[in-house]
Amino acid sequence: MRKFLLLAGLFVAHLTARATEGMWLPHLLTSLNEKEMKGMGMKISARDIYDLNKGSLKDAIVSFGGFCTGEIISSQGLLLTNHHCGYGSIQKHSSLEHNYLDNGFWARNQKEELPNAGLYVTFIVRIEEVTAKALEGVSSQLDERARQSAVDKNLARIKNDTKRESYQDVLIKPFFEANKYYLFVTETYNDVRLVGTPPSSIGKFGADTDNWVWPRHTGDFSLFRVYAGKDNRPADYSPDNVPLKPKHFLPVSLDGIAENDFTMVFGFPGRTNEYLPYEAMKSIVQGQDPAKVQMRDAALKVIDGFMRQDEQIKIQYSAKQASTANAWKKWIGEMQGVRQTGGLQRKLDFEKKFGQLAQGTAYNGLLDSLNALYREQAPYAVYRDYYNELVRNVEMMNYANELLDAVQEAKKKGPDAWAGEREKFLAKMKPLYKNYNNDVDKEVATALFDIYFKEVPSNKIGGEGYQIWMETNKDGRTTANKLYSQSAFRSYEQLEAFVNRPFNEVAAALWTDPASRFTIGIRNGFAELVSKPYDALQPQINRLQRQYMQAQMELLKDKRFYPDANSTLRITYGKVNGYKPRDAVQYDFITTLDGVMEKYKPGDYEFDVPEKLRDLYAKKDFGPYGANGKMPVCFIASNHTTGGNSGSPALDAYGNLVGLNFDRTWEGTMSDINYDASICRNIMVDIRYVLFIMDKFAGAKHLVDELKLVHPKKQAKPAVLKKAA
Ligand code: ARG
Ligand code: GLU
């Protein structure tokens, strides 16, 4: 008994220290979070955030293309997201003549707004728990495969039975390691047009050097507009579509933020793993992260070199390079953060206590078994990452894999299927080759082949792939020479000719083309020697991970649990606050245009500053957006965010827009697996900087005029006065 009390006390202390941890489900705020949120300064109710009967904040939040978040900020469907979220679209509209990446783009009217095929936004209409129905007839006796198929059947039935409009979709996802299931009714709009973007020298200011780093000075925003059919419902692109009339749009605060202000971030965080056991975390930070970083170190060195020398390559590779570099740097930060905060030791301490709590329960020994499974899987996880990084970064292998998939698909579907599969394949390849350069890819391949064959033991590569490696003297350059001077994958035209033949010829030629032969060899070896044993362990891991989650929720009675991020709508809240990254250093919570000018390097590819912005700075011409003679740029707060939260609105105590989330701080990127409230901060562009750039820099005042600008601080009665009265 005493032991238990002691432990309970410890967990409560743990809880209060981490009050800002958590990505919470919006429909559960009333029961789990409202009280705490109000205690931290929130002035609205949970129902103002999520309500089924009236427009609420959630009606202004969208998943942007499935990879970012956006928010509606005007009655005419104007949407705000990050520059790096709009990047792919901006790049597709860019050429050497119209370089919107370099120069920015601003539609002067709705006619000039640019459509983006394939881009969509999704609203959440309502959320319901469906756990009981999802688990109907699912007994603990079923093995994982049988269980999953029983659940899948249930989910299909639930979906079918769910009431919805013809233009709505239903999505059901597992939460808490599949201990719970929630259903989402959604509306997806497919006509989303580019409205405006600053030049990269503002929207990506600081580029990779500053990425994941505070103090930050990036104006990471872009504007789109959601279009609907004349009935305001989702409609495919048509010039006749009209701007969406949203159920809610976010008012924009001109009053800025102060230290300790309450803020919340509302959006679609992608993936976190907060409930892993020790061995899984160890495998990530000591095995998988280092492997991925090693591969990308090499790939990025090559790509950066080419991009700095050649304008055409710089445009072609900009988006790919940004995404490769982004995760690469995050993993480095993650390893470092876990080390610095003693994340592994913290897991061990927790697990010791959990083990004591579990004694005498059905969960006794559970963690040991789970840890043992992860330990067994760890080496395969590392080889798997080497493989995935190889076929991801060597584009020729990536393309060859696509063709193999198409050929296999055609084989499965029968003799007449090839024409269709070939068309699909070519349609996919064409835009990729627009951004492909054979010399760049060859150098990437040279470097990565050497690493792959050195780091992955030959008995985990397999005979077919290793055979080719021996034929080319176990040398990356020799292997690459062969692939990149002979393969049909060198150019779109050659590839087109290669596949424009009868099915049997193509299927046979795959074995003679050096790139596809090599890719097949490596792929088959990987499937048999790495993927298979890795996957064989996964069902049992899933099962124990699910039981471990259930055990924690049962045994730690005082703890409120939030589910890991899974690209569903979440809210996280915290306070505007600096932090102490290391001994003797204290970071402030806000940056200004002064800092942009401090970092300014004329002509530099990361730190150049446009002349117009320098002029505005010199004249201190900040319009109504400055504060005390300064122009705020970015700020940080203790909101728990992750990838996918990019473009999420930062809201004040009243639900007004005060900032735009786009990053986390270096010391805190480990928050996906090891949240620590003392150093984990999210980074936002101050909304006043966004308005300043739109209005003063870009001359797009007509867009600012579309917004509802508010002064919550000036209007609200100061709390002190109210008390005195
Ligand atoms: N780190 C941020 C995120 O994870 C920003 C990435 C875009 N910026 C860049 N330099 N790659 O998405
Ligand atoms: N930049 C990230 C994104 O694209 C958000 C930063 C993070 O990972 O927290 O979603």
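Residues numbered from 1 in each chain as written. Chains lettered and ligands numbered in written order. Predicted model: local features only at pLDDT ≥ 70, side-chain atom pairs only at ≥ 80, totals over all residues. Heavy atoms only, no water.

1. What about the site of ligand 1?
Next up, step 1: Around ligand 1, the neighbouring residues are His84, Lys204, Ala207, Asp208, Asn211, Trp212, Ala322, Asn326, Ser646, Phe662 and Asp663.
Next up, step 2: Ala207 is positioned such that a nitrogen or oxygen atom in its backbone is 3.5 Å from a nitrogen atom of ligand 1.
Next up, step 3: Out of a free accessible area of 340 Å², ligand 1 has 90% covered by protein chains.
Next up, step 4: Elements with a minimum of two residues in the shell around ligand 1: helix H10 (207-210), helix H12 (311-340) and strand S20 (657-664). (Near = heavy atom within 4 Å. Polar contact = N/O pair within 3.5 Å; in protein donor to acceptor, adjacent residues only side chain to side chain. Areas by Shrake-Rupley, 256 points an atom, 1.4 Å probe, with all protein chains shown as cover. Helix = DSSP H or I, 4+ residues; strand = E, 2+ residues; numbered from the N terminus.)

2. Comments concerning the pairing of strand S6 (residues 121-129)
Next up, step 1: A large share of S6 lies buried, amounting to seven of its nine residues.
Next up, step 2: Bridge count between S6 and strand S8 (residues 180-189): eight bridges; the pairing is antiparallel. Among the inter-strand pairings, Thr122 is bridged to a residue of S8, identified as Thr188. (Buried < 20%, exposed > 50% of the residue type's maximum accessible area, 1.4 Å probe, protein only. Pairing = 2+ DSSP bridges.)

3. Let's talk about empty space enclosed by the protein
Next up, step 1: Under the defined criterion, the tally for this structure stands at two cavities of 30 Å³ or more.
Next up, step 2: In terms of lining, the second largest cavity is formed by Ile468, Thr472, Thr479, Lys482, Leu483, Pro514 and Arg517.
Next up, step 3: When contributions to the lining of the second largest cavity are tallied by element, the ones reaching two or more residues are helix H19 (476-486) and helix H22 (514-555).
Next up, step 4: A total of three residues in the lining of the second largest cavity trace back to one element, the largest contributor, which is H19.
Next up, step 5: The residue makeup of the lining of the second largest cavity, split by class, is three nonpolar, two polar and two charged. (1 Å grid on protein atoms, 1.4 Å probe; cavity = no way out; pocket = protein on both sides within 12 Å on 5 of 7 lines; lining within 4 Å. Points joined across faces, edges and corners; volume = space filled by probe spheres on them. Nonpolar A, V, L, I, M, F, W, Y, C, P; charged D, E, K, R; others polar.)

4. Section: the state of the cysteines
Joining two cysteines, a disulfide is a covalent bond between their sulfur atoms.
Next up, step 1: Inspection of every chain in the model, using the stated rule, returns one disulfide.
Next up, step 2: Note that Cys68 is cross-linked by a disulfide to Cys85, the S-S spacing being 2.2 Å. Negative torsions about the S-S bond denote left-handed disulfides, and the value of about -75° found for Cys68 with Cys85 makes this one left-handed. Of this pair, Cys68 sits in strand S2 (residues 68-72) while Cys85 is found in helix H5 (residues 83-92), placing the two residues 17 residues apart along the sequence. Across the pair, Cys85 and Cys68 agree in class, each one buried.
Next up, step 3: We note that Cys634 lacks a disulfide partner, and the nearest cysteine sulfur, in Cys85, lies 14 Å from it.
Next up, step 4: According to the relative accessible area criterion, Cys634 is buried, its value standing at 0%.
Next up, step 5: Cys634 provides the cysteine sulfur closest to Cys680, a residue in no disulfide bond, and the two sulfurs are 18 Å apart.
Next up, step 6: Overall, the relative accessible area of 4% leaves Cys680 in the buried class. (Disulfide = S-S within 2.5 Å.)

5. Remarks on the site of ligand 2
Next up, step 1: What surrounds ligand 2 is the set His84, Trp212, Thr641, Thr642, Gly643, Gly644, Asn645, Ser646, Phe662, Asp663 and Arg664.
Next up, step 2: At 2.5 Å from an oxygen atom of ligand 2 is found a side-chain nitrogen or oxygen belonging to Ser646.
Next up, step 3: The separation between a nitrogen atom of ligand 2 and a polar main-chain atom of Phe662 is 2.8 Å.
Next up, step 4: Starting from 290 Å² of accessible surface for ligand 2 in isolation, the protein chains cover 92%.
Next up, step 5: Looking at the shell around ligand 2 element by element, the count peaks at three residues for S20.

6. Looking at helix H17 (residues 438-455)
Next up, step 1: Compared with an ideal rise of 1.5 Å per residue, which puts 18 residues at 26 Å, H17 spans 25 Å between its outermost C-alpha atoms and is within 8% of the ideal.
Next up, step 2: Taken as a whole, H17 has its buried residues at Asn438, Val440, Asp441, Val444, Ala445, Thr446, Leu448, Phe449, Ile451, Tyr452 and Phe453.
Next up, step 3: A distance of 2.8 Å separates the backbone nitrogen of Asp439 from a side-chain oxygen at the start of H17, and that oxygen is part of Asn437. (Expected span 1.5 Å × (residues − 1).)

7. Here's the deal with the confidence of the model for the chain
Next up, step 1: Averaged over the chain, the pLDDT score is 94; the fraction of residues at 70 or greater is 96%.
Next up, step 2: The model gives residues 1-17 a pLDDT under 50, and that stretch makes 18 contacts with residues more than four places away or in other chains. (pLDDT = per-residue confidence, 0-100. Contact = heavy atoms within 4.5 Å.)

8. So, the nonpolar core
Next up, step 1: Ile49, Leu223, Met264, Leu593, Tyr689 and Phe692 are the most contacted members of the largest nonpolar core, which totals 116 residues.
Next up, step 2: Looking at this core element by element, the count peaks at eight residues for helix H25 (residues 687-697).
Next up, step 3: Leave out the neighbours within four places in its chain, and Leu223 touches Ile73, Leu78, Leu79, Leu80, Trp106, Arg193, Leu194, Val195, Gly196, Met694 and Leu703. (Core = buried A, V, L, I, M, F, W, Y, C linked by side-chain atoms within 4.5 Å.)

9. Quick word on the packing of aromatic side chains
Next up, step 1: Under the definition given, this model contains 30 aromatic pairs.
Next up, step 2: Look at Phe64 and Phe67: their rings are 6.0 Å apart centre to centre, the planes differ by 80°, and that puts the pair in the edge-to-face class.
Next up, step 3: Overall, the relative accessible area of 0% leaves Phe64 in the buried class.
Next up, step 4: Residues Phe489 and Phe498 carry aromatic rings whose centres are separated by 6.3 Å and whose planes lie at 50° to one another, so their mutual orientation is tilted. Of the two residues examined, Phe489 and Phe498, each falls in the buried class.
Next up, step 5: Through successive ring pairs, a cluster of aromatic residues spans Phe449, Tyr452, Phe453, Tyr466, Trp469 and Phe518.
Next up, step 6: Positioned over the ring face of Tyr227 is Arg193, at 3.7 Å from the centre of the ring.
Next up, step 7: The lysine or arginine in question, Arg501, covers the ring of Phe498, its NZ or CZ lying 4.9 Å from the ring centre. (Phe/Tyr/Trp six-rings, centres within 6.5 Å; stacked < 30°, edge-to-face > 60°. Lys NZ or Arg CZ within 6 Å of the ring centre and 35° of its normal.)

10. What about the pattern of salt bridges?
Next up, step 1: On inspection of all chains with the given rule, the structure shows 42 salt bridges.
Next up, step 2: The salt bridge partner of Arg375 is Glu279, with a shortest N-O separation of 2.9 Å. With a gap of 96 residues between them, Arg375 in helix H14 (residues 366-393) and Glu279 in helix H11 (residues 278-309) connect regions that are remote in the sequence.
Next up, step 3: When its relative accessible area of 11% is taken as the criterion, Glu279 is described as buried.
Next up, step 4: As a salt-bridge pair, Asp594 and Lys630 come within 2.6 Å of each other at their nearest N and O atoms. On the criterion of sequence distance, the pair formed by Asp594 in helix H23 (residues 593-599) and Lys630 in the loop between helix H24 (611-619) and strand S18 (632-637) is long-range, its members being 36 residues apart.
Next up, step 5: Through salt bridges with shared partners, a single network forms among Glu409, Lys412, Lys413, Glu421 and Lys424. (Salt bridge = Lys/Arg side-chain N within 4 Å of Asp/Glu carboxyl O.)

11. What about the side chain of Arg296?
Next up, step 1: Here Arg296 shows up in helix H11.
Next up, step 2: In this structure the side chain of Arg296 is engaged in a polar contact, spanning 2.6 Å, whose partner is the side chain of Glu389.

12. Comments concerning unusual backbone geometry
Next up, step 1: A cis amide bond, omega -5°, links Trp214 with the succeeding residue Pro215.
Next up, step 2: Position of Pro215 relative to the elements: it lies in the loop between H10 and strand S10 (222-228).
Next up, step 3: One non-glycine residue, Ala584, lies in positive phi territory at about 70°.
Next up, step 4: Within the fold, Ala584 resides in the loop between strand S15 (579-582) and strand S16 (585-587).
Next up, step 5: Residue classification places Ala584 among the exposed positions, given a relative accessible area of 71%.
Next up, step 6: At Asn628, a position not held by glycine, the phi torsion is positive, near 50°.
Next up, step 7: In this structure, Asn628 sits in the loop between H24 and S18.
Next up, step 8: Under the relative-accessibility criterion, Asn628 is labelled exposed at 81%.

13. Digging into the layout of surface pockets
Next up, step 1: For the second largest pocket, the calculated volume is near 500 Å³.
Next up, step 2: Around the second largest pocket, the lining comprises 24 residues; the ones closest to its centre are Asp102, Ser200, Ser201, Lys314 and Tyr605.
Next up, step 3: Looking at the lining of the second largest pocket, the elements with two or more residues in it are helix H6 (100-103), helix H9 (200-203), H10 and H12.
Next up, step 4: A total of five residues in the lining of the second largest pocket trace back to one element, the largest contributor, which is H12.
Next up, step 5: Among the residues making up the lining of the second largest pocket, the classes are represented as nine nonpolar, seven polar and eight charged.

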